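Take a look at the letters that make up each chain.
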Amino acid sequence: MNNEKDLLILAVDEFFVDKNQNWLQQNKAHILKSRQINSWWAKISFYIEENEIISLSKFLRVLSELNYEKVQTILAPGQFNVLGDTVKIYPILENTVYQISFFWQLHRKNNKTVTIKN
């Protein structure tokens, strides 16, 4: 698995049906910028960086809000599963499953740092 530094997760939404990974790569910077000023983009996407502090429960809530399906075995984009403190997610418009591991921070009560791998 290669270490990644960040992951942009787009909602399972009809807007993205005719898009592909090339579209995502070409528009990633624009989407990230638009998330700051456009509530629609903020609502249908989530951006996470390695070493970010976030609770596992918040991350799972975000996946649910983005219409991702929790499954035992990931077979298609738009699905994820959870095993302990590790979430595997197959983002739409991606061709790989990402593993996001949450590690406890001793000085942060209910939050964990994130490691992202694909």
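Per chain, residues are indexed from 1 in the order of the written sequence. Reporting in this predicted model follows two pLDDT cut-offs: at least 70 for local features of residues, and 80 or more for side-chain atom pairs to be given and counted; totals over whole chains, interfaces and linings ignore these cut-offs and use all residues. Side-chain measures here rest on the full set of heavy atoms in the structure, leaving out hydrogens and waters.

Q: Explanation requested: the pattern of salt bridges in the structure shown.
A: Close approach of charged atoms allows side chains of opposite charge to pair. A pairing counts as a salt bridge when a side-chain nitrogen of Lys or Arg comes within 4 Å of a carboxyl oxygen of Asp or Glu. In the structure shown here, the tally under the stated rule is two salt bridges. Across the pair Asp 6 and Lys 28 runs a salt bridge whose closest N-O atoms are separated by 3.3 Å. Here the residue Asp 6 occupies a position in strand β2 (residues 6-10), and Lys 28 occupies one in helix α1 (residues 21-37), the gap between them amounting to 22 residues. Put simply, Asp 18 and Lys 19 hold a salt bridge, and the shortest N to O gap is 3.1 Å. Using a 1.4 Å probe on the protein chains alone, a residue whose accessible area is under 20% of its type maximum counts as buried, one over 50% counts as exposed, and one in between counts as partly exposed. Of the residues examined, Lys 19 reaches a relative accessible area of 21% and is grouped as partly exposed. Helix and strand labels come from DSSP, where a helix needs a run of H or I of at least four residues and a strand needs a run of E of at least two; each type is numbered from the N terminus.

Q: I would appreciate a short explanation of the environment of Tyr 90 in the present structure.
A: Within the secondary structure, Tyr 90 sits in strand β7 (residues 86-90). Taking the relative accessible area as the measure of exposure, Tyr 90 reaches 16% and is therefore buried. Taking the C-alpha atoms as reference, Tyr 90 lies 5.6 Å from Gln 79; in sequence the two are 11 residues apart.

Q: Explanation requested: the nonpolar core in the structure shown.
A: Soluble globular proteins tend to pack their nonpolar side chains together in the buried interior. To define a nonpolar core, start from buried Ala, Val, Leu, Ile, Met, Phe, Trp, Tyr and Cys residues and group those joined through side-chain atoms within 4.5 Å. Ranked by internal contacts, the top residues of the largest apolar core, which has 28 residues, are Ile 9, Leu 10, Phe 59 and Ile 89. Going through the elements one at a time, β2, α1, β3 (45-49), α3 (56-65), β7 and β8 (98-104) are the ones with two or more residues in this core. Should any heavy atoms of two residues lie within 4.5 Å, those residues are considered in contact. For Leu 10, the residues in contact, after removing those within four places along its chain, are Phe 16, Trp 23, Leu 24, Ile 31, Ile 44, Ser 45, Tyr 68, Ile 92 and Leu 93.

Q: Any chance you could explain the pairing of β2 here in plain terms?
A: As a general feature of sheets, a regular strand has side chains that alternate between the two faces. Counting buried residues in β2 gives five out of five residues, a clear majority hidden from the surface. Burial along β2 is two-sided: Asp 6, Leu 8 and Leu 10 facing one way and Leu 7 and Ile 9 facing the other are all buried. Pairing of β2 with β3, which is carried by five bridges, proceeds in the antiparallel orientation. Its bridge partner being in β3, Leu 7 is matched across the sheet by Ile 48. Here a strand pair is declared whenever DSSP counts at least two bridges between the two strands.

Q: Which parts of the structure should I look at to understand the packing of aromatic side chains?
A: The relation between two aromatic rings is expressed through the spacing of the ring centres and the mutual angle of the planes. Classification of ring pairs uses Phe, Tyr and Trp, with its six-membered ring standing for Trp, and accepts pairs whose centres are within 6.5 Å; under 30 degrees between planes counts as stacked, over 60 as edge-to-face, and the remaining range as tilted. Counted under the stated rule, the structure contains nine aromatic pairs. Between the aromatic rings of Phe 46 and Phe 59, the centroid separation amounts to 6.0 Å while the plane-to-plane angle is 55°, which identifies the pairing as tilted. Here Phe 46 is found in strand β3, whereas its partner Phe 59 is found in helix α3, with 13 residues between them in sequence. When sorted by exposure, Phe 46 lands in the same class as Phe 59, which is buried.

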